[in-house]
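Residues per chain are reported as follows:
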Amino acid sequence: LERDSFSVPWGQVFPKLTSFKVRPEVLQVTLARRDTAEITLTADNVVLAGKPKDHYFFKTSSIKLYPNTVDLIGPRTVIESLRQHNSKVQLEPVDLTNRSSTVNQPVGLAQALKDQGVTMQSGRGEQTVIVTVPLEAEDIEVALFTVPIVYYNEDALGLRHQKATNFQKSIDIKLVGPPTELDGRSDEDLLKDFVLIFDWKQVPSTFTGTATGNVSFSLVNLPDSVGGTDARGKHDLSIH
């Protein structure tokens with residue numbers, strides 16, 4: 001709209017439009033039959049932008065949407081295509097730039113779908129959904145040397161007329177787990193929070209010679225997210 005002039009009637013604050021021009025004088029409008037489709041959103045519909053903070057990552061399977069069922073409204077041909085190919089329903093990007101904790105962000109439809117005349121209704125008039133992306137820290141390794149082994153049921157060998165010699169009293173290990181559990185703690189503190197256990201009953205009674213057995217890893221004040229490997233990074237702790 002291009003104004004030519006305004007006149008302000010006496011005693012009124014706002015002017016009254018008296019002359020205007022519209023350019024162009026003719027508009028072309030495309031009409032289409034409207035359709036609605038109920039779509040269930042998954043992590044495949046989420047668009048992620050940016051890189052999390054170093055040593056943090058996310059799992060696609062952990063991404064959640066609320067609500068995850070929405071109505072898409074728009075031209076019938078476009079809606080039918082989205083109904084047949086759910087993966088074409090893309091949302092606005094979720095920004096993960098330099099983040100190190102769970103990201104919760106309300107997002108609407110991608111601009112490309114809006115440009116095609118598609119709108120989204122997620123309930124109670126809302127046009128957005130909440131995308132939750134949990135970020136996890138990469139595991140770190142802490143090397144511990146000469147960790148003592150606790151031996152159980154040595155009397156079982158005597159009952160079987162067996163005797164063990166030259167067995168290891170300790171081994172070198174690596175603790176593997178989240179930095180929130182392991183970082184900044186001394187070796188002495190970590191050694192208090194787990195026990196290495198070997199049970200003589202697991203050695204076959206018919207065996208003679210050099211035997212190999214697995215050492216159990218018992219956590220005391222550490223979560224199950226912490227594990228142990230041998231010094232070479234193998235998951236089985238064993239002695240000979």
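Our subject in this report is the structure included herewith. (Residues numbered from 1 in each chain as written. Predicted model: local features only at pLDDT ≥ 70, side-chain atom pairs only at ≥ 80, totals over all residues. Heavy atoms only, no water.)

**Describing the layout of surface pockets**
Considered as a void within the structure, the largest pocket measures approximately 430 Å³ in volume. As for the largest pocket, its lining consists of 21 residues, and the residues nearest its centre are Ala164, Trp200, Val203, Gly209 and Ala211. Tallied by class, residues from the lining of the largest pocket come to ten nonpolar, ten polar and one charged. As a volume, the second largest pocket reaches approximately 200 Å³. What lines the second largest pocket is simply Gln168, Ile171, Asp172, Asp230, Ala231, Arg232, Lys234, Asp236, Leu237, Ser238 and His240. By residue class, the composition of the lining of the second largest pocket is three nonpolar, three polar and five charged. (1 Å grid on protein atoms, 1.4 Å probe; cavity = no way out; pocket = protein on both sides within 12 Å on 5 of 7 lines; lining within 4 Å. Points joined across faces, edges and corners; volume = space filled by probe spheres on them. Nonpolar A, V, L, I, M, F, W, Y, C, P; charged D, E, K, R; others polar.)

**Observations concerning the packing of aromatic side chains**
Under the criterion given, the structure shown has five aromatic pairs. Residues Phe167 and Trp200 carry aromatic rings whose centres are separated by 5.1 Å and whose planes lie at 80° to one another, so their mutual orientation is edge-to-face. Placement of the pair is Phe167 in the loop between helix H3 (155–159) and strand S14 (170–177) and Trp200 in the loop between strand S15 (194–199) and strand S16 (213–214), with a sequence separation of 33 residues. Accessibility classification places Phe167 together with Trp200 in one group, the buried group. Here the aromatic residues Tyr151, Phe167, Phe198 and Trp200 are joined through ring pairs into a cluster of three or more. When the ring centre of Phe167 is taken as reference, the NZ or CZ atom of Lys169 above it lies at 4.1 Å. (Phe/Tyr/Trp six-rings, centres within 6.5 Å; stacked < 30°, edge-to-face > 60°. Helix = DSSP H or I, 4+ residues; strand = E, 2+ residues; numbered from the N terminus. Buried < 20%, exposed > 50% of the residue type's maximum accessible area, 1.4 Å probe, protein only. Lys NZ or Arg CZ within 6 Å of the ring centre and 35° of its normal.)

**Re unusual backbone geometry**
Omega for the peptide link from Tyr66 to Pro67 comes to -10°, which places this bond in the cis form. Looking at the secondary structure, you find Pro67 in the loop between strand S6 (64–66) and strand S7 (69–75). Backbone geometry places Asn98, a non-glycine residue, at a positive phi of 60°. Relative to the assigned elements, Asn98 resides in the loop between strand S8 (93–95) and strand S9 (103–107). For Asn98, a relative accessible area of 55% puts it in the exposed group. Although it is not a glycine, Asn166 sits at a positive phi angle of roughly 60°.

**Overview of the sheet that holds S9**
Spatially, three strands are ordered S6-S11-S9 in an open sheet, and the strand pairing comes out antiparallel. Sheet topology places S6 and S9 at the edges, where each strand pairs with a single neighbour. Ignoring strand direction, the axes of neighbouring strands in this sheet form an average angle of 25°. Bridge count between S6 and strand S11 (residues 129–133): three bridges; the pairing is antiparallel. Note that in S11 the partner of Tyr66 across the bridge is Ile130. (Pairing = 2+ DSSP bridges. Axes fitted to C-alpha atoms, helices over the stretch in contact; angles between N-to-C directions.)

**A few points about the nonpolar core**
Counting residues in each nonpolar core, the largest one holds 26 residues, and the members touching the most others are Leu72, Leu91, Val129 and Val131. Of all the elements in the fold, those that place two or more residues in this core are strand S3 (34–40), S7, helix H1 (76–84), S9 and S11. Leave out the neighbours within four places in its chain, and Val129 touches Leu41, Leu65, Tyr66, Pro67, Val70, Leu91, Gln105, Pro106, Val107, Met120 and Ser122. Counting 22 residues, the second-largest nonpolar core is a separate cluster that includes Val142, Tyr151, Leu182 and Leu190. (Core = buried A, V, L, I, M, F, W, Y, C linked by side-chain atoms within 4.5 Å. Contact = heavy atoms within 4.5 Å.)

**Observations concerning the sheet that holds strand S17 (residues 216–219)**
Reading across the sheet, the five strands line up as S17-S15-S13-S14-S18 and stay open at both edges, with mixed pairing between neighbours. A single partner strand is all that each edge strand has here, and the edge strands are S17 and strand S18 (227–230). Taking each pair of neighbouring strands and ignoring which way they run, the sheet shows an average axis angle of 40°. As paired strands, S15 and S17 are joined by four bridges and run antiparallel to one another.

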